[in-house]
Amino acid sequence: MKLDEITTNIRLRSPWEAVDLGFAMVQHNIRWIFSAWALLFGGFALIIWVTLPEDYQTYTPLILWWFKPLYDRVLLHIFSHQLFNQRLSTTDIFSAIPKLILHTGLLSALTFRRFSFSRGFNLPIWQLEQLRGKPRLERQNLLHLQAHSQAIWLTIACLHLESVVIFSLYLLIIMLDPSDGSWNYILSAFTQTFDTETQYWGSLLYLVLYTLTVLVIEPLYVAASFSLYLNRRTQLEAWDIELAFRNLGTRLSQLARTPLALLLAACLLIGLPGMTPTPSWASERLPPEDASAQIAEVMQREELAGMRTRMQWVPRSSDKETHDDKPKKLAASWQLLFANFTKSLLWIALIVLLILGFVYRQRILALLKPAQRKAAPPPPPDILFGMDIRPESLPDDIASASRRLWEAGQHREALSLLYRGALMQLTRHEQVAVQDSHTEGDILQLAHPHLDSARMAWLTAVTRVWQEIAYAHRIPADAQVIPLFGFDFAGKPA
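Residues numbered from 1 in each chain as written. Predicted model: local features only at pLDDT ≥ 70, side-chain atom pairs only at ≥ 80, totals over all residues. Heavy atoms only, no water.

Some points on the overall build of the protein chain
Okay, so step 1: When its secondary structure is counted, the protein chain shows 22 helices and 2 strands.
Okay, so step 2: Relative to its full complement of 494 residues, the protein chain shows a buried share of 34%.
Okay, so step 3: Expressed as a percentage of contacts within the protein chain between residues at least 6 apart in sequence, the contacts between residues at least 24 apart total 73%.
Okay, so step 4: Looking at the protein chain as shown, the accessible area adds up to about 32,300 Å², and 63% of this sits on carbon and sulfur atoms. (Helix = DSSP H or I, 4+ residues; strand = E, 2+ residues; numbered from the N terminus. Buried < 20%, exposed > 50% of the residue type's maximum accessible area, 1.4 Å probe, protein only. Contact = heavy atoms within 4.5 Å. Areas by Shrake-Rupley, 256 points an atom, 1.4 Å probe, with all protein chains shown as cover.)

Structural notes on unusual backbone geometry
Okay, so step 1: Located in the positive-phi region is Gln 130, a residue other than glycine, with phi close to 55°.
Okay, so step 2: Mapping Gln 130 onto the fold places it in the loop between helix H8 (119-127) and helix H9 (133-143).
Okay, so step 3: Notably, Gln 431 is not glycine yet its phi reads approximately 60°, a positive angle.
Okay, so step 4: Tracing the backbone shows Gln 431 in the loop between helix H19 (411-429) and helix H20 (440-447).
Okay, so step 5: Since its relative accessible area comes to 60%, Gln 431 is described here as exposed.

So, the nonpolar core
Okay, so step 1: Membership of the largest hydrophobic core comes to 58 residues, with the highest contact counts inside it found for Trp 37, Leu 64, Phe 79, Phe 226 and Leu 228.
Okay, so step 2: Sorting the residues of this core by element identifies helix H1 (15-28), helix H2 (30-51), helix H4 (68-83), helix H6 (97-102), H8, helix H10 (148-176), helix H11 (181-191) and helix H12 (196-237) as the ones contributing at least two each.
Okay, so step 3: Per element, the largest residue contribution to this core is 14 residues, and it comes from H12.
Okay, so step 4: Not counting residues within four places of it along the chain, the set of residues in contact with Leu 64 comprises Phe 41, Phe 44, Ala 45, Ile 48, Tyr 71, Leu 207, Tyr 210 and Thr 211.
Okay, so step 5: Among the nonpolar cores identified, the runner-up in size contains 28 residues, and Leu 426, Ala 447, Leu 451 and Ala 470 belong to it. (Core = buried A, V, L, I, M, F, W, Y, C linked by side-chain atoms within 4.5 Å.)

Some details on the packing of H1 against H12
Okay, so step 1: The geometry of H1 relative to H12 is characterised by a closest axis approach of 7 Å and an angle of 130° between their N-to-C directions. As summarised for this structure, H1 and H12 are arranged oblique, according to the angle between their axes. Here H1 runs over H12; the crossing is right-handed. Contacts between H1 and H12 involve Pro 15, Ala 18, Val 19, Leu 21, Gly 22, Phe 23, Met 25 and Val 26 from the former and Pro 219, Leu 220, Ala 223, Ala 224, Phe 226, Ser 227, Leu 228 and Asn 231 from the latter.
Okay, so step 2: Broken down by class, the residue content of the contact of H1 with H12 amounts to 13 nonpolar, 3 polar and no charged. (Axes fitted to C-alpha atoms, helices over the stretch in contact; angles between N-to-C directions. Parallel < 35°, antiparallel > 145°, perpendicular 65-115°, else oblique. Left-handed = near helix turned anticlockwise from the far one by under 90°. Nonpolar A, V, L, I, M, F, W, Y, C, P; charged D, E, K, R; others polar.)

Looking at H20
Okay, so step 1: Of the positions making up H20, those classed as buried are Glu 440, Ile 443, Leu 444 and Ala 447. The arc enclosing the buried residues of H20, seen along the axis, measures out at 100°, which places them on a common side.
Okay, so step 2: In the core, the buried residues of H20 are packed alongside H19 and helix H21 (453-470). (Arc of directions from axis to C-beta.)

Some points on the packing of H9 against H12
Each pair of packed helices can be described by the angle between their axes along with the distance between the axes.
Okay, so step 1: For the pair H9 and H12, interaxial distance at closest approach is 10 Å and the crossing angle is 90°. With respect to their mutual orientation, H9 and H12 come out roughly perpendicular. Along its contact with H9, which presents Arg 139, Leu 142 and Leu 143, the element H12 presents Tyr 229, Arg 232, Arg 233, Leu 236 and Glu 237.

Some thoughts on the packing of aromatic side chains
Geometry of an aromatic ring pair is reported as the spacing of the ring centres plus the angle between the planes.
Okay, so step 1: According to the stated counting rule, one finds 15 aromatic pairs in the structure shown.
Okay, so step 2: Ring geometry for Tyr 56 against Tyr 59: centres 6.5 Å apart, planes inclined by 35°, an arrangement best described as tilted.
Okay, so step 3: Relative accessible area serves as the criterion here: at 48%, Tyr 56 is assigned to the partly exposed category.
Okay, so step 4: We classify Tyr 59 as partly exposed; its relative accessible area is 46%.
Okay, so step 5: The structure contains a cluster of three or more aromatic residues connected by ring pairs, namely Trp 37, Phe 41, Phe 44, Phe 67 and Tyr 71.
Okay, so step 6: A cation over a ring is seen here: Arg 114 above Trp 65, with NZ or CZ 4.2 Å from the ring centre.
Okay, so step 7: Taking NZ or CZ as reference, Arg 114 lies 5.6 Å from the ring centre of Trp 66, over its face. (Phe/Tyr/Trp six-rings, centres within 6.5 Å; stacked < 30°, edge-to-face > 60°. Lys NZ or Arg CZ within 6 Å of the ring centre and 35° of its normal.)

Brief notes about the confidence of the model for the protein chain
Okay, so step 1: Taken residue by residue, the protein chain gives an average pLDDT of 78. The fraction at 70 or more is 75%.
Okay, so step 2: Segment residues 272-284: pLDDT under 50, and 2 contacts once partners within four positions in sequence are set aside and those in other chains are kept. (pLDDT = per-residue confidence, 0-100.)

Regarding the pattern of salt bridges
Okay, so step 1: Considering all chains together, one arrives at 10 salt bridges under this definition.
Okay, so step 2: Bridged by salt links that share partners, the residues Lys 68, Glu 162 and Glu 218 form one connected network. (Salt bridge = Lys/Arg side-chain N within 4 Å of Asp/Glu carboxyl O.)

Some points on H1
Okay, so step 1: For H1, with 14 residues, the first-to-last C-alpha span of 20 Å sits near the 20 Å given by 1.5 Å per residue.
Okay, so step 2: Inspection of H1 places Ala 18, Val 19, Leu 21, Gly 22, Met 25 and Val 26 among the buried residues, and these make up the whole buried set. In an axial view of H1, the angular spread of the buried residues amounts to 155°, which keeps them on one side of the axis. With respect to the buried face of H1, the exposed residues turned more than 90 degrees away are Asp 20, Gln 27 and His 28.
Okay, so step 3: On its buried face, H1 sits against H2, H4, H10 and H12. (Expected span 1.5 Å × (residues − 1).)

Concerning the environment of Ile 63
Okay, so step 1: As for its placement among the helices and strands, Ile 63 is situated in helix H3 (residues 60-66).
Okay, so step 2: You can call Ile 63 partly exposed: its relative accessible area is 25%.
Okay, so step 3: Sequence spacing of Ile 63 and Ala 45 is 18 residues, and the spatial spacing of their C-alpha atoms is 8.9 Å.

Here is the structure:
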């Protein structure tokens, strides 16, 4: 590893400053990172969606989430080369995938280590240091002495950030949707009333949103974890001091090549024979005051500037407290007690709110439904498919009248009257916005959110027998039609 080729300013940082440095690494190199990363992750998501059976395509996001350790290894391979000013092409990245699968501990990362909250922080030990067994465990324990808690909280924060981004994208779709289709689908996800086609497109939409979310957040997580690891290595091995001395040596070597330096060296060599030797500092012992002054002067140099820890002895405070300190300490104790009590109340309130939100989720969703534009609804149509559906044109007991027509052999008229009654009920009582351009299938889709399962099944059966006699000119069997006369569309047995 050539430290003098590092493109990042290596110095000792606080853990959260190191996390911010990782985010900056992604921001400054997003152009050439994102193309290969998007091709890899997007292609993997597409392959899983296409190869899975239709009944299991809903689980595609779960599979993508489970294989995150594989993507993390590819991203770390990119960032580790980027750190040393090596920009890999897309071909180089894909060529390294077999090696990353076989030699980086991927099997354990996908099984019993999958739920580790510090997987990003531990990944460089497996992939870059290539340690296994007891040496890996000792190395990991050493690195975990500091920055381990920050690595865990980074993982938790990124998981919550993914949920926030997905929720925001759904909210954006609802805001931009002029109809209520998106909102009705979200409500149907809680009530389990959507059909197979709606479920298919809903699963595909969630897959697209989840893919976009991981494409943005996962590089940030891997880069921040890698930066935490580098900061811990800097703390343990003093990389920043080594780089500072190398830079100092480079400047001195450049200064030695100048003509002025050569002239001074020649004068020094000429004057050496006539000079009397001066006593060396090594042969004399400096007084403590002079030594402390010289050490302080050296430590203030730019090459050695950074974080330092200084320990010194301080006298123990007296056991006797003054009269003025007692009120201050008592006030501080009450403040600490009040702060802890308030914190406990806030946590309890948050847990209660989460439980209530889950219990009353359907009511909350109904309240959050975007306000409809207050526009006068169009009047219901009087004629549909060439049939008069006005209430005054229909008998009071439609089911009985239809049965009598069917038994009299007037099959088309019986089913026409039954279907007219259903259309009248939908347009006048259920307030379904049916237009002249709608087909029978469109009417079924429009009526689905307004009807329960029994009424929806009845309407579907009536529509099918009407289409059979109206378009195919086939008389349905009595076993199909007779049960339809025994049900009132208002939801009561006839």
